[in-house]
Amino acid sequence: MSGSLKDFLYPEDGWLDVTSITGPAEAQTQGSSEGPLVNSQEFNLPEEIGILAIRNAVIYPGTVAPLAVGREKSKALLAVVKPNETVIGVLTQRRPDTDKPGFAELYKVGTAATVLKVMRAPQGAISIFVHGIARFEVVEPVATEPYLRAKIRLLKAGTKMTKRLAALMVNVRRTANRVIALSPNVPEEVSVLLEEIDDPSALADYLAANVSLNTEERQKLLDELDASKRLERISLALANQLEVLELSNKIQGRVRESVEKNQREYFLQEQLKAIQTELGKEDSRAEEIKQLNENIKKAKMPQKVEAEAIRELDRLSKMMPVSPEYSVIRTYLDFVCELPWSAATGDRIDINKAERILNHDHYDLKKVKKRILEFLAVRKLNPAGKSPILCFIGPPGVGKTSLGKSIARAMGRKFIRISLGGIRDEADIRGHRRTYIGALPGRILQELRKTGVKNPVFMLDELDKIGADFRGDPASALLEVLDPEQNNSFTDHYLDQPFDLSNVMFIGTANYVEPIPPALHDRMEIIELPGYTETEKLNIAKKYLVPRQLSEHGLSKTLLNIKDESIVSIIRNYTREAGVRNLERNIAAVCRAVATEIAKNKKKQATINASDLAKILGPTQYESELALRAGIPGVATALAYTPVGGEILFIESASMPGKGSLQLTGHIGDVMKESAQTAFSIVKANATRMGIDAKQFSKYDYHIHVPAGAVPKDGPSAGTAMFTSLASLLLQKPVRPDVAMTGEITLRGLVLPIGGLKEKILAAKRAGIKTVILPTRNKKDLPEVPKEAKKGLTFKFVKNTNEVLKIALNTD
């Protein structure tokens, strides 16, 4: 037996486990080799004895009790004990979880006892029977190894017999006999033994060993030497135990009359009913089933789903609440009843009002607003029509999420948004099957349950950032959700019943189109939200951002006036983004600075000019790099499209003695590497025509680098810039610093069209570019670019690389 097991096994109502041996004082204990004896009027005890520590129990004088011994010190003590001869001391631990107790962890008062019998099991466990002799008190600890030893002092428990004590003994015997009569499996000999005990101290010890008390109360009875006080405590404990037994017997008698034998389950249910009746409560189980049945009817779910819910409710009514499956079914039924099977908000579609709301919430975005109004108009004329799945594509901060909120407000619907970025488990969409512990529904149905209606505007954010692993592909699970032809019977694994999602207006958002799986892309109508121009940002800041930040910082227009020139300076010198998030952060920084000055009573109001920004926001964060690149052969400016809008890239080329190899650096992707190889091949193939000495390619190695090496870059649109950079290096002619270009190239020297035109033109505008070289086949897309973005720019359309060099290098 390991040290973690109890050294003493004591049943709660074990009348048979502890036997009284009357007259413990009559038997004189034989001599012991453990030390000199102390004389007593009744019997002798050694002055020094070994100590056996037990837990969760107390041994009393005059009783016999079994002990299970497992700890090493206890075994060491038993090794020197002679049955029926050696006297040992039994002390109870203060805390039962102490595996190696010392004298500080033991009570000081215990019982001297002799070991009657030792039984050793084949597995090494030891069981003993001990006979309690008398109380003792530890005077002084002697040793702790190999077992506990201590000097002791005998405690006498003498009590003078009085009429009151005699009456108390009679009352205690009477109560004890009633308890014995109501207790099952207790033989009649116990009552006879109880009547034969005349000594009040022995009677108190015998009853204390058998009455239902905790260890602390038992120890208090052992500490008490006055038998009269012990009997009073025992009388109270017996009265409490008798009351519990009588009530239990009454309940069992009532139940026994209404049930048949061998119907255990029904018996337990009736017993529970009887207990609740005794407490004056109604049957909560029946009330619970009744309430669930009413909830199922109120939910107005489809007939097939209702039949399944009733079937599960019937199973629940036949289960015991302690069954593990009980809580699973109960949770399932609660979820089914809370789903909005029929609850919906009425569409209040007023096209003019919707247009006012969209114009109030968002600046410009005319193309997007036009498509939203078209959708609302069709919805008004055909309310039963299927909702299209819109997907807003654009860089961060351009208002994709707020557009969804505006649509919900215009239609009078509730709005739900969940972020799909980073999810990798299909169960996030479809839920877990109920066979799993802790199963949950998917996010779609969970959010519908929370909102309480079946036709909200549901935004699925970050569609381009969904992952996939061994747990499934969430993007594939979305195919059914976002297909108007299928989502009228969407089946969540947890619900395991079809749920109609056709009334939900789903809106997706993403920064990139490319990562969205083709099948999912095909189910959505893509609406692009390009980045804002400088004028658009200025108007957005004046109409939305500044008033909002003034309100959030407890300011007003009279306290703080931010000049337009200041906002333009923030846009140009402190932000580089397609949206307006960083612009709003910088405006918030300005508001905080002014709020601090006003709170300190240093200012009553403030006007922020462009010259004040350096004190508040620090030095400018963004400056044009064109001046640094001017006049250097081998450097060309490319236009790129990133998730945060358009950017300019500087393509740098260099040569060094070698054998004609090409090295590429700058954290560029495979497609961009292939564009560089293509550009290098075009230059080599046309070296003679371009006036380049072909022998250079065998004498020099070439290196193309794209700065900002920590930022990953990819795509074919930098092909023209790479070609121009190499040509500039080999011809030793610098590229015009005010020229930027974009376009994919082929080995034949053709320039192919590119995407993200507006964002790239905006990037050129921000960087101070004057001339933009574009593929001829992108000329048709130029009208969609705002006039303000094109203002001050000259566009040159080219078909091949020869035309690119004519413009970029001013050469034929």
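Residues numbered from 1 in each chain as written. Predicted model: local features only at pLDDT ≥ 70, side-chain atom pairs only at ≥ 80, totals over all residues. Heavy atoms only, no water.

Caption draft 1: Representation of the overall build of the protein. The number of helices and strands found in the protein is 29 helices and 27 strands. Taking 28 Å as the expected radius of gyration for a compact globule of 812 residues, we find that the protein reaches 45 Å, considerably beyond that expectation. Projected onto its principal axes, the C-alpha positions of the protein cover 130 × 70 × 65 Å. In the protein, which comprises 812 residues, the proportion classed as buried is 47%. Long-range pairs, those at least 24 residues apart, make up 73% of the contacts in the protein between residues at least 6 apart in sequence. Carbon and sulfur atoms form 51% of the exposed surface of the protein, whose accessible area is close to 40,000 Å². Each charge class in the protein can be summarised by its mean position, and for the 114 positive and 100 negative side chains these summaries are 9 Å apart. (Helix = DSSP H or I, 4+ residues; strand = E, 2+ residues; numbered from the N terminus. Rg over C-alpha atoms; globule rule 2.2 N^0.38 Å. Buried < 20%, exposed > 50% of the residue type's maximum accessible area, 1.4 Å probe, protein only. Contact = heavy atoms within 4.5 Å. Areas by Shrake-Rupley, 256 points an atom, 1.4 Å probe, with all protein chains shown as cover. Lys, Arg positive; Asp, Glu negative; His and termini not counted. Charge placed at Lys NZ, Arg CZ, Asp CG, Glu CD.)

Caption draft 2: Up close: the nonpolar core. L376, F392 and L560 are the most contacted members of the largest nonpolar core, which totals 52 residues. Sequence-distant contacts of L560, that is, excluding residues within four places in its chain, are made with L550, L555, C591, V594, A606 and I608. (Core = buried A, V, L, I, M, F, W, Y, C linked by side-chain atoms within 4.5 Å.)

Caption draft 3: Main features of the environment of L333. Here L333 shows up in helix 10 (residues 324–338). Using a relative accessible area of 0% as the deciding quantity, one classes L333 as buried. Separated by 58 residues in the primary sequence, L333 and I275 place their C-alpha atoms 27 Å from one another. The residues contacting L333, other than those within four sequence positions of it, are L292, A309, E312, L313 and L316.

Caption draft 4: Representation of the packing of helix 3 (residues 189–196) against helix 4 (residues 200–210) within the structure. Where helix 3 contacts helix 4, the two axes come as close as 10 Å, and the packing angle between them is 150°. If you check the angle between helix 3 and helix 4, you find them roughly antiparallel. Residue-level inspection shows V190, L193 and L194 of helix 3 in contact with helix 4, the latter providing L203, Y206 and L207. Here the contact of helix 3 with helix 4 is composed, by residue class, of 6 nonpolar, no polar and no charged. (Axes fitted to C-alpha atoms, helices over the stretch in contact; angles between N-to-C directions. Parallel < 35°, antiparallel > 145°, perpendicular 65-115°, else oblique. Nonpolar A, V, L, I, M, F, W, Y, C, P; charged D, E, K, R; others polar.)

Caption draft 5: Summary view of the packing of helix 11 (residues 351–361) against helix 12 (residues 366–381). The interhelical angle for the contact between helix 11 and helix 12, taken along N-to-C directions, is 155°, at an axis separation of 10 Å. Taken together, the axes of helix 11 and helix 12 are roughly antiparallel relative to one another. The element helix 11 and its partner helix 12 pack so that their crossing is right-handed. On helix 12, the residues touching I351, A354, E355, L358 and N359 of helix 11 are K369, I372, L373, L376 and A377. The residue makeup of the contact of helix 11 with helix 12, split by class, is 7 nonpolar, 1 polar and 2 charged. (Left-handed = near helix turned anticlockwise from the far one by under 90°.)

Caption draft 6: Fine view of the environment of V115. Position of V115 among the secondary structure elements: in strand 7 (residues 109–120). Along the chain, V115 and P66 lie 49 residues apart, while their C-alpha atoms are 9.9 Å from each other. Setting aside its immediate chain neighbours within four residues, V115 contacts V81, P83, N84, T86, I88, I128, F129 and V130.

Caption draft 7: A look at the environment of R443. Looking at where R443 falls in the secondary structure, it is placed in helix 15 (residues 443–451). Sequence separation between R443 and A427 is 16 residues; the distance between their C-alpha atoms is 8.5 Å. When sequence neighbours within four positions are dropped, the list of residues in contact with R443 reads I418, S419, D428 and I429.

Caption draft 8: Layout of the sheet that holds strand 10 (residues 390–393). Ordered by their spatial adjacency, 5 strands build an open sheet running 11-12-15-10-16, and the pairing between neighbours is parallel. The sheet is open, and its two borders are formed by strand 11 (415–419) and strand 16 (525–528), each paired with just one other strand. Neighbour-to-neighbour, the strand axes of the sheet open up by a mean angle of 20°, direction not taken into account. For strand 10 and strand 15 (residues 505–510), the ladder comprises 4 bridges, and the chain directions are parallel. (Pairing = 2+ DSSP bridges.)

Caption draft 9: Summary view of a negative patch on the surface. A cluster of acidic residues, E195, E196, D198 and D199, forms a negative patch on the protein surface. Along the chain, E196 turns up in helix 3. (Patch = residues over 30% accessible without salt bridge, like charges linked within 9 Å, V, L, I, M, F, W, Y side chains within 5 Å. Salt bridge = Lys/Arg side-chain N within 4 Å of Asp/Glu carboxyl O.)

Caption draft 10: Molecular detail of helix 26 (residues 719–731). Taking 1.5 Å of rise per residue, the 13 residues of helix 26 would be expected to cover 18 Å, and the 18 Å separating its terminal C-alpha atoms lies within 8% of that figure. Taking burial as the measure, the 13 residues of helix 26 include 12 buried ones, the bulk of the element. Those residues of helix 26 that sit buried are G719, T720, A721, M722, F723, T724, S725, L726, A727, S728, L729 and L730. (Expected span 1.5 Å × (residues − 1).)

Caption draft 11: The arrangement of helix 29 (residues 801–809) in detail. The set of residues buried in helix 29 consists of T801, V804, L805, I807, A808 and L809. Taking the backbone nitrogen of N802 as reference, a side-chain oxygen 3.1 Å away marks N800 as the first, capping residue of helix 29. Just beyond helix 29, the residue with positive phi is N810, at close to 55°. (Polar contact = N/O pair within 3.5 Å; in protein donor to acceptor, adjacent residues only side chain to side chain.)

Caption draft 12: Region of the structure containing the packing of aromatic side chains. This structure, assessed with the given rule, holds 7 aromatic pairs. Taken together, the aromatic side chains of Y332, F335 and Y494 make up a single cluster linked through ring pairs. A cation sits over an aromatic face here: R434 above Y332, 3.7 Å from the ring centre. (Phe/Tyr/Trp six-rings, centres within 6.5 Å; stacked < 30°, edge-to-face > 60°. Lys NZ or Arg CZ within 6 Å of the ring centre and 35° of its normal.)

Caption draft 13: Structural context of the pairing of strand 10. Where burial is concerned, the two faces of strand 10 agree: the one with L390 and F392 and the one with C391 and I393 are both buried. With 4 bridges joining them, strand 10 and strand 16 adopt parallel strand pairing. Following the sheet pairing, I393 is matched in strand 16 by E528.

Caption draft 14: Spatial organisation of the side chain of T724. Note that T724 resides in helix 26. A relative accessible area of 0% places T724 in the buried class. One polar contact links the side chain of T724 to the main-chain carbonyl oxygen of T720, over a distance of 2.8 Å. If we skip the residues at most four places from it in the chain, T724 touches A636, V735, M741, V804, L805 and A808.

Caption draft 15: A look at the pattern of salt bridges. Summed over the entire model, instances satisfying the criterion amount to 36 salt bridges. Linking D347 and R379 is a salt bridge whose minimum nitrogen-to-oxygen distance equals 3.9 Å. Separated by 32 residues along the polypeptide, D347 in the loop between helix 10 and helix 11 and R379 in helix 12 bring together distant segments of the chain. The partner of K542 in a salt bridge is D564, and the shortest N-O contact between them spans 3.3 Å. Residue K542 is found in helix 18 (residues 534–552), and its partner D564 is found in helix 19 (residues 564–573); the two are separated by 22 residues along the sequence. The exposure class of K542 is partly exposed, given its relative accessible area of 41%. Its relative accessible area of 34% is what places D564 among the partly exposed residues. Through salt bridges that share partners, E308, R311, E312, R315, E325 and R434 make up one connected network.

Caption draft 16: Region of the structure containing the side chain of S566. Within the fold, S566 resides in helix 19. Accessibility expressed as a relative area gives 0% for S566, which makes it buried. Leaving out residues up to four positions away in the same chain, S566 has contacts with I608, N609, A610 and L613.

Caption draft 17: Main features of unusual backbone geometry. Note that the residue after E145, namely P146, is joined by a cis bond; omega there is -5°. Even without a glycine there, the phi angle at E462 is positive, about 60°. Given the relative accessible area of 22%, E462 is considered partly exposed. Of note, Q732 is a non-glycine position whose phi angle comes to about 55°, a positive value. Note on Q732: relative accessible area 53%, which makes it exposed.

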